[in-house]
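Per-entry structural report
Residue strings, one per chain:
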2 protein chains.
Amino acid sequence: MGLWSLVYEGFEPGEEGLREALCTLGNGYFAARGSAPEAEADTIHYPGTYLAGGYNRLKTEIAGRTIENEDLVNLPNWLPLTFRIDNGKWFKLQNVEILSYRQELDLKRGLLLRTIRFLDEQGRRTNLAERRLVHMGEPHLAALELTIAPEDWSGNIIVRSALDGRVINAGVERYKRLSSKHLEPMETGPIDADAIYLKVQTNQSEIRIAQAARTCVLQDHQTLPVKRTTIQEPGYIGQEFALEVKPGKEVSIEKVVSLFTSRDPGISECGLEAGKAVTWAGHFDSLLEAHARAWEHLWRRFAMEFRRGPSDGENRMGMILNLYIFHLLQTTSVNTMTMGLDVGVPSRGWHGEAYRGHIFWDELFIFPLINLRLPEITKALLMYRYRRLDEARAAARESGFKGAMYPWQSGSNGREESQKLHLNPKSGRWIPDNSRLQRHVNVAIAYNIWQYYQATGDREFISFYGAEMFLEIARFWGSIAAYSHERKRYEILGVIGPDEYHDGYPDAENPGLNNNAYTNIMAAWVLTRAPEIVHLLPEDRRKELHELLDLRQEEMDRWQEISRTMFVPFHGDGIISQFEGYDQLEEFDWEGYRKRYNDIQRLDRILEAEDDTPNRYKASKQADVLMLFYLFSSEELVRLFEQLGYPFEYETIPKNIDYYLHRTSHGSTLSRVVHSWVLARSDRPRSWKLFAEALESDVADIQGGTTPEGIHLGAMAGVADLVQRGYTGIETRGDVLRLNPCLPEELDRLRMEIRYRGHSLDIEITGKTCTVSALRCTEKPIRIGCKDTVIELPEGDTREFTL
Amino acid sequence: MGLWSLVYEGFEPGEEGLREALCTLGNGYFAARGSAPEAEADTIHYPGTYLAGGYNRLKTEIAGRTIENEDLVNLPNWLPLTFRIDNGKWFKLQNVEILSYRQELDLKRGLLLRTIRFLDEQGRRTNLAERRLVHMGEPHLAALELTIAPEDWSGNIIVRSALDGRVINAGVERYKRLSSKHLEPMETGPIDADAIYLKVQTNQSEIRIAQAARTCVLQDHQTLPVKRTTIQEPGYIGQEFALEVKPGKEVSIEKVVSLFTSRDPGISECGLEAGKAVTWAGHFDSLLEAHARAWEHLWRRFAMEFRRGPSDGENRMGMILNLYIFHLLQTTSVNTMTMGLDVGVPSRGWHGEAYRGHIFWDELFIFPLINLRLPEITKALLMYRYRRLDEARAAARESGFKGAMYPWQSGSNGREESQKLHLNPKSGRWIPDNSRLQRHVNVAIAYNIWQYYQATGDREFISFYGAEMFLEIARFWGSIAAYSHERKRYEILGVIGPDEYHDGYPDAENPGLNNNAYTNIMAAWVLTRAPEIVHLLPEDRRKELHELLDLRQEEMDRWQEISRTMFVPFHGDGIISQFEGYDQLEEFDWEGYRKRYNDIQRLDRILEAEDDTPNRYKASKQADVLMLFYLFSSEELVRLFEQLGYPFEYETIPKNIDYYLHRTSHGSTLSRVVHSWVLARSDRPRSWKLFAEALESDVADIQGGTTPEGIHLGAMAGVADLVQRGYTGIETRGDVLRLNPCLPEELDRLRMEIRYRGHSLDIEITGKTCTVSALRCTEKPIRIGCKDTVIELPEGDTREFTL
């Protein structure tokens, strides 16, 4: 296993789901297509996953074990490509004896390779080699190639290549009771002798999805003419043809597929475009060449090199980091940006069905990496929010607030998609779900706008879109905050913080907590930044926006007042209370439960099954108070607390980290990332341990079964960002790119290229030096700060800082 | 008639069509919606026009003359709102005696107002007042309000408010033989007691369009409850209700309409969104308030003040200029930009059916005005081209060329939509149409990319999109240009220039001309700029793009060679031949034909009807060679000709202008704009005369009937740009904003605000001074040149230049 490939040899029972998620191919376009949340049904279908798919929906066992689902060559359900020998059965892995099996995900080229050698019932030995890609350069194309080589027999094979629109959503066990069929067949037909097409429609959102497939046979780089028969069933179309094969004469079947939807720009009718695309497309090898080049360009921008000590070995860490960045780039793809698709970042990628493709707050962990690499993507994703500003305004209005209140779970049109009940698989009970009270998603969006601007200096975005969103969010916080005459401070009541274990007070009638510290402080931060955002606008736009939003001085005065007098609960010796009353909760019996249950990551389900609730305990699912130390440098925090009139010393940080780290179950994959981050400077060994655990989270499926339901994109990006910003101390603040490197002892050297305000910077950090070079460009010089030195760095220059 | 309103009092027979076009309301979103060219049928339907409409499809005569079509209150066919008194007939203008009639288009607020006083068959006198808007701030909304005031009677009125999806395209007489029905009814139904909806689908492109209407009745600012009956027919839904009215108690019926299509971002299913939008919308007056504010913001950016001499009077010129800018802002709307709609600029706006909404080269005349006001719109429109780059690549490939060859007429997916035959209404014959050979649309797009960059300095756009398009266009020119060993120069054969009268040599078998001077010189210009565009890219992106396009040094060397040795035909004394062999053509009998036909603007049709052809004569429809003097300052032209190794003196300009002006019929509305422009410095009185004619072109419908088929957006924008850039001499070249004012004698003073590289500049020009002020902003200082002085102008500063 090198730095650039994820290899599985043979089968391990129970591992298929994980392989499926991790080896899923997509290019953002394919993945995001057809991903319209089915608002009525509260479920989502994303055929892109299947099409791009690795090991979808398989419960396979090899060598005497059951294979429940379709055969392995048949995997991407939308794209069956299979064969039978003579008049035998269609090839299925369970009908043959596997002699060898190897699967490789080539990260560098975005290629999935599989080789299978098998012995069939007639005693024939055959080699199969498969290559698949979902094109990163041609967003509408995917291709697969199956090479069949008989070892010791000659004969006929019958090949079937099809498009199947009858697929359903069945990838998440606990959603089985929900509606699973989301596609209606519309039309199937041949395009020409070589190509067929299929058109379906999502049943609530009425998005039409057309696919076309061109299948051809190659031998010795020559196309073999074959006689085809068309098979049509409702929602299904296939072509069959016969081939003669013999040893030493391997034959390749190539299937090039296109996908268009009724929402694509620059199209006439989507079926017509899909047909045209497969007609224009070249053969597998030429598609691969352009595809690999597109990936090469992405890797130039995103790769991070780090060297570990002499005992480095095969560098599994580097491979996993690449794997995670690979998945990030498949989901938040440069293709969705250039296609102008209106998509957000779903927390599980487009890789599985969990959370139904909904958009949560994960951007907060995902954007920092992209902001400093390809901020055009971040901008496109922020536009997803902008286009749903009116829906957020309506949500605020309906709840009696002003401004814009973005939903905890966002879908097609931006309305609240959070479920009101969820199933606890442990108890089999449906439990009320109050997660929509996580209003803090509205600080995440504002924070992201601010960070995007800091990294890019993109005033046009701020001027047209960013400021309007930011100010409407500020307005929401200004209106939800209520003055307490008793405290002489502002409060925010009845919300939930990032820690979802606590959604209310024990035995309280209504859900929600008062004065969640994270929410309150972040709201104060938003209200502090609001006038600064206004100040960035050119004079005329400022006037326009004030008129448009009817934003008056008295409202801005109120914001300023709130930003200085927001209440923050404390208890004990400088411990920030997660929320008001947290200190009244019981301590949790961590040791006892760990003994009894071993894995207590989903403590909420365990306690619910015991008729108990985490609301009674000082027990968190994930970082809540500690999010503050993740989002802000200590300098910024000191300023913020000072402004609020609360004492804050540097010791506050380790004290709080220690306090909450002891009271966390890491029930979210985001948790380890944040905890590793906040410890990076105070406790490097422990930080490294958490980093290593976070790095393994999806590869090892440490939550035991959640990765097959969809990768954890926030954690993946967060881990990469921990290397990018955590260890370099990169901070984009006040028109300066600040560096404050602090490599873990395990790393000798770290190198990467980042973008900052139009400049491409090569950054190399060793234990003793930090070297920054600015590539040639035509932008104005930027300012770089390292430790206490701030310099101006013009294009073409290099500067070395001694640490 | 003030500066801000277009008023018609009473009816003039034959004027209805013109009123219809000029008073059409739209906000870009509404107008562009459903505007998918029907690729199969080669026709287009744009329901937006009807919805927004003024006087669509009316052939009305008043007072004893026939009213062929639906009644006037019923005008926007999608939105019937009419009434009858007691059990009488539905109100129709032809059934009543009109006592007075007044129509006003309020440009400042984007409001159409009509008042009608009539006497009916029963001798009752009634006043009707109507207000309509298509919302500029809420892109999905439109509203109309009908106030009925009985003067001398009391009784019941029955009101019907409906949505009608059965509309057809029948606005252009000569298209009557083409397919006219483009919508299929899908669904109709009630939303709630007050609201109804309609869903239709375009029949080739399958775009779904949903409309919802909420109708209510107001008296003394109170909503009157009414009992409604629903009327449903296929593709039609209406509500009827009865009202009691009496003198002194006027009643207003308010209809708020929403429109969503399946292509809108941020939506679930379009019918659901349409219903939600009318539920959320306020009443007419509150909608108007926000609508007027949106227009106020646009006018702040786009208004131009000019003062004429003391005899100025009512300032009709200023009103027309405002009218034209108004139409420009309705078509290339800030709403289509924020909605992220994938639309281009159709040459007839969205106001009529001529040219079927296709996109030609008119951007060349339209973008300059927008570049210096709201360049985000230009960028969005350039993205229309970028999204069709693959189709342009395919077109080049299919014609045996490299790079990208954009079509002369572009539609939904960017394929060539030019008709192959067209009807000469004069002869009744269908004539071969070779207009697709106007490859020069590919210089227009490249020129537009360059100018956009010059005005904005937007490197991000160039880096991601602009450079790729530009280089692919350069590549096309590099491949269509062929080396002539005889001439030792490059040639471009078999094309057509802007002058469509000449599409081939007389009696030649194949269409096309050789070495059209405009095309050749512009191609050389594109190839000169190509390396400069590359140079703008940051180092890493440059490398990426070279790899992506497989762009090698030898190809760029070839471009450079072509850009220095392109052949340009000349004849006589420094006259640039419109194309090779132009001098061999016969002189045309202008005087004779003017006498015989009076209007010879469409000389092509006249000659074809006489079995002759303009190909035989030195007679042009519009500026062709002279386009060069329109697009380039004399300094730039001198440099270009020098580079090509041709002599060029300043006298060349007036000589060529004079030569071609005498040989032009002004068969295109663009022609006068260009001619006025090129004369602006050498012959100010003649230039002013042409400006005044160009200004009247749509208001007076000087082509006799073409304005009702759709406004001439290129000419409208061109006229405004003549004021903006022609008289100020504004040129954005080499990172400097250059001014070279030259006011016509008829103007005392000119004032405007423009955008340049993030700065808002207030520019005021009198006969003697030119004053430039930069508003507060946070961009880096810009350089301003006036005559021979170049200065740096920081934000907040003012500088006066003496002329």
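Note that this is a predicted model, so its numbers are computed, not measured.

This brings us to the overall build of chain A. When helices and strands are tallied, chain A shows 23 helices and 31 strands. At 27 Å, chain A has a C-alpha radius of gyration in line with the 28 Å of a compact globule built from 803 residues. Across its three principal axes, chain A shows a C-alpha extent of roughly 85 × 65 × 60 Å. By the burial criterion, 67% of the 803 residues in chain A qualify as buried. Split by element, the accessible area of chain A, about 27,400 Å² in all, is 47% carbon and sulfur. Between the averaged position of the 96 positive side-chain charges in chain A and that of its 118 negative side-chain charges there is a distance of 1 Å.

Residues and elements named next belong to chain A. The full count for this structure, using the stated rule, is zero disulfides over all chains. No disulfide involves cysteine 770; its nearest neighbouring cysteine sulfur is the one of cysteine 786, lying 4.4 Å away. Sulfur of cysteine 777: no disulfide; nearest cysteine sulfur belongs to cysteine 770 and is 19 Å away.

Residues and elements named next belong to chain A. Confidence in the prediction for chain A averages 88 pLDDT; 93% of positions are at 70 or higher. Note that residues 34-76 has pLDDT below 50 and, in this model, 168 contacts with residues that lie over four places away or in other chains. Here the predicted complex scores 0.94 on pTM and 0.93 on ipTM.

All names here are of chain B. In this model, aspartate 86 sits at a positive phi of 50°, which is unusual for a non-glycine residue. Checked against the element boundaries, aspartate 86 lands in the loop between strand 4 (81-85) and strand 5 (97-106). Given a relative accessible area of 32%, aspartate 86 falls into the partly exposed group. Phi angles above zero are rare outside glycine, and aspartate 701 is one such case at about 50°. Mapping aspartate 701 onto the fold places it in the loop between helix 22 (684-696) and helix 23 (713-726). Of the residues examined, aspartate 701 reaches a relative accessible area of 12% and is grouped as buried.

On to the packing of aromatic side chains. Counted under the stated rule, the structure contains 72 aromatic pairs over all chains. One aromatic cluster is present, built from ring pairs that chain together Tyr355, Phe360, Trp361, Phe365, Trp408, Tyr630 and Trp677 of chain A. When the ring centre of phenylalanine 567 of chain A is taken as reference, the NZ or CZ atom of arginine 487 of chain A above it lies at 3.8 Å. Of note, arginine 348 of chain B hangs over the ring of tyrosine 355 of chain B, and the distance from its end group to the ring centre comes to 4.9 Å.

Superposition of chain A onto chain B requires a rotation of 180° combined with a translation of 0.0 Å along the rotation axis, giving an RMSD of 0.0 Å. Here the two chains are linked by the operation of a two-fold rotation axis. Considering only C-alpha atoms, the part of chain A nearest the rotation axis is arginine 263 of chain A, at 2.7 Å. A symmetric contact is evident, with 100% of the interface residues of chain A recurring at the interface of chain B.

Listed as interface residues are 64 residues of chain A and, on the opposing side, 64 residues of chain B. Note on chain A versus chain B: buried area summed over both sides is about 5,600 Å², and carbon and sulfur give 42% of it. Counting across the interface, chain A meets chain B through 16 salt bridges. Residue arginine 301 of chain A is joined to glutamate 544 of chain B by a salt bridge in which the shortest nitrogen-to-oxygen separation is 3.0 Å. There are 34 residue pairs in polar contact (both at pLDDT 80 or more) connecting chain A and chain B. Top contributing element to the side of chain A that touches chain B by residue count: helix 14 (residues 539-549) of chain A, with seven residues. Partitioned by chemical class, the residues of the side of chain A that touches chain B number 16 nonpolar, 13 polar and 35 charged.

The next point concerns the pattern of salt bridges. All chains considered together, the criterion is met by 138 salt bridges over all chains. The salt bridge involving glutamate 417 of chain A is made with arginine 415 of chain A; its shortest N-O contact spans 3.5 Å. You can call glutamate 417 of chain A buried: its relative accessible area is 2%. On the accessibility criterion, arginine 415 of chain A (32% relative accessible area) is partly exposed. Residue arginine 663 of chain B pairs with glutamate 587 of chain B through a salt bridge whose shortest N-O separation is 2.9 Å. Of the two residues, arginine 663 of chain B is situated in the loop between helix 20 (652-661) and helix 21 (669-679) and glutamate 587 of chain B in the loop between strand 23 (575-576) and helix 16 (590-597); the sequence distance between them amounts to 76 residues. We classify arginine 663 of chain B as buried; its relative accessible area is 14%. With a relative accessible area of 43%, glutamate 587 of chain B lands in the partly exposed category.

All names here are of chain A. Spatial strand order, 17-26-27-28-31: five strands in an open sheet with antiparallel pairing. Both edges of this open sheet fall to strand 17 (304-308) and strand 31 (798-802), since each of them pairs with a single strand only. For this sheet the average axis-to-axis angle between neighbouring strands, irrespective of direction, equals 15°. With five bridges joining them, strand 28 (residues 769-774) and strand 31 adopt antiparallel strand pairing. For serine 773, the partnering residue across the bridge sits in strand 31 and is threonine 798.

Next up on the list: the pairing of strand 4 of chain B. Residue and element names in this part refer to chain B. Summarising burial for strand 4: five of the five residues are buried, a large majority. The alternating pattern of strand 4 places Leu81, Phe83 and Ile85 on one face and Thr82 and Arg84 on the opposite face, and all of these are buried. Relative to strand 9 (residues 155-164), strand 4 runs antiparallel, the two being bridged by five bridges. Within the sheet, the bridge partner assigned to leucine 81 lies in strand 9 and is serine 161.

Take the side chain of arginine 733 of chain A next. All names here are of chain A. Assignment of secondary structure puts arginine 733 in strand 24 (residues 731-733). On the accessibility criterion, arginine 733 (17% relative accessible area) is buried. Setting aside its immediate chain neighbours within four residues, arginine 733 contacts Gln454, Ser633, Glu635, Glu636, Arg639 and Arg738.

On to helix 14 of chain A. Within helix 14 of chain A, the full set of buried residues consists of Asp540, Arg541, Glu544, Leu545 and Leu549 of chain A. On an axial view of helix 14 of chain A, the arc spanned by its buried residues comes to 145°, and they lie on one face. Of the surrounding secondary structure, the elements contacted by the buried residues of helix 14 of chain A are helix 10 (389-398) and helix 12 (459-480) of chain A together with helix 5 (284-302), strand 26 (747-756) and strand 27 (759-766) of chain B. Phi turns positive, to about 50°, at aspartate 550 of chain A, one or two residues after helix 14 of chain A.

With that out of the way, let us pick up the sheet that holds strand 28 (residues 769-774) of chain B. Hydrogen bonds along the backbone pair up the strands of a sheet, which may run parallel or antiparallel. All names here are of chain B. Strand order in the open sheet formed by five strands is 17-26-27-28-31, and the pairing between neighbours is antiparallel. Each having just a single partner strand, strand 17 (304-308) and strand 31 (798-802) make up the two edges of the open sheet. Neighbour-to-neighbour, the strand axes of this sheet turn through a mean angle of 15°, independent of strand direction. In the sheet, strand 27 pairs with strand 28 via five bridges, with the strands oriented antiparallel. Of the residues in strand 28, the one forming a bridge with isoleucine 765 is cysteine 770.

All names here are of chain B. Counting buried residues in strand 27 gives six out of eight residues, a clear majority hidden from the surface. Connecting the antiparallel pair strand 26 and strand 27 is a turn made up of two residues, with arginine 757 showing a positive phi of about 50°. Remark: two residues form the turn of the hairpin made by strand 27 and strand 28, two consecutive strands paired antiparallel.

Parameters at a glance
Residues numbered from 1 in each chain as written. Chains lettered and ligands numbered in written order. Predicted model: local features only at pLDDT ≥ 70, side-chain atom pairs only at ≥ 80, totals over all residues. Heavy atoms only, no water. Helix = DSSP H or I, 4+ residues; strand = E, 2+ residues; numbered from the N terminus. Rg over C-alpha atoms; globule rule 2.2 N^0.38 Å. Buried < 20%, exposed > 50% of the residue type's maximum accessible area, 1.4 Å probe, protein only. Areas by Shrake-Rupley, 256 points an atom, 1.4 Å probe, with all protein chains shown as cover. Lys, Arg positive; Asp, Glu negative; His and termini not counted. Charge placed at Lys NZ, Arg CZ, Asp CG, Glu CD. Disulfide = S-S within 2.5 Å. pLDDT = per-residue confidence, 0-100. Contact = heavy atoms within 4.5 Å. Phe/Tyr/Trp six-rings, centres within 6.5 Å; stacked < 30°, edge-to-face > 60°. Lys NZ or Arg CZ within 6 Å of the ring centre and 35° of its normal. Least-squares fit on C-alpha atoms with pLDDT ≥ 70 in both. Buried area = accessible area lost by both parts, 1.4 Å probe. Salt bridge = Lys/Arg side-chain N within 4 Å of Asp/Glu carboxyl O. Polar contact = N/O pair within 3.5 Å; in protein donor to acceptor, adjacent residues only side chain to side chain. Nonpolar A, V, L, I, M, F, W, Y, C, P; charged D, E, K, R; others polar. Pairing = 2+ DSSP bridges. Axes fitted to C-alpha atoms, helices over the stretch in contact; angles between N-to-C directions. Arc of directions from axis to C-beta.

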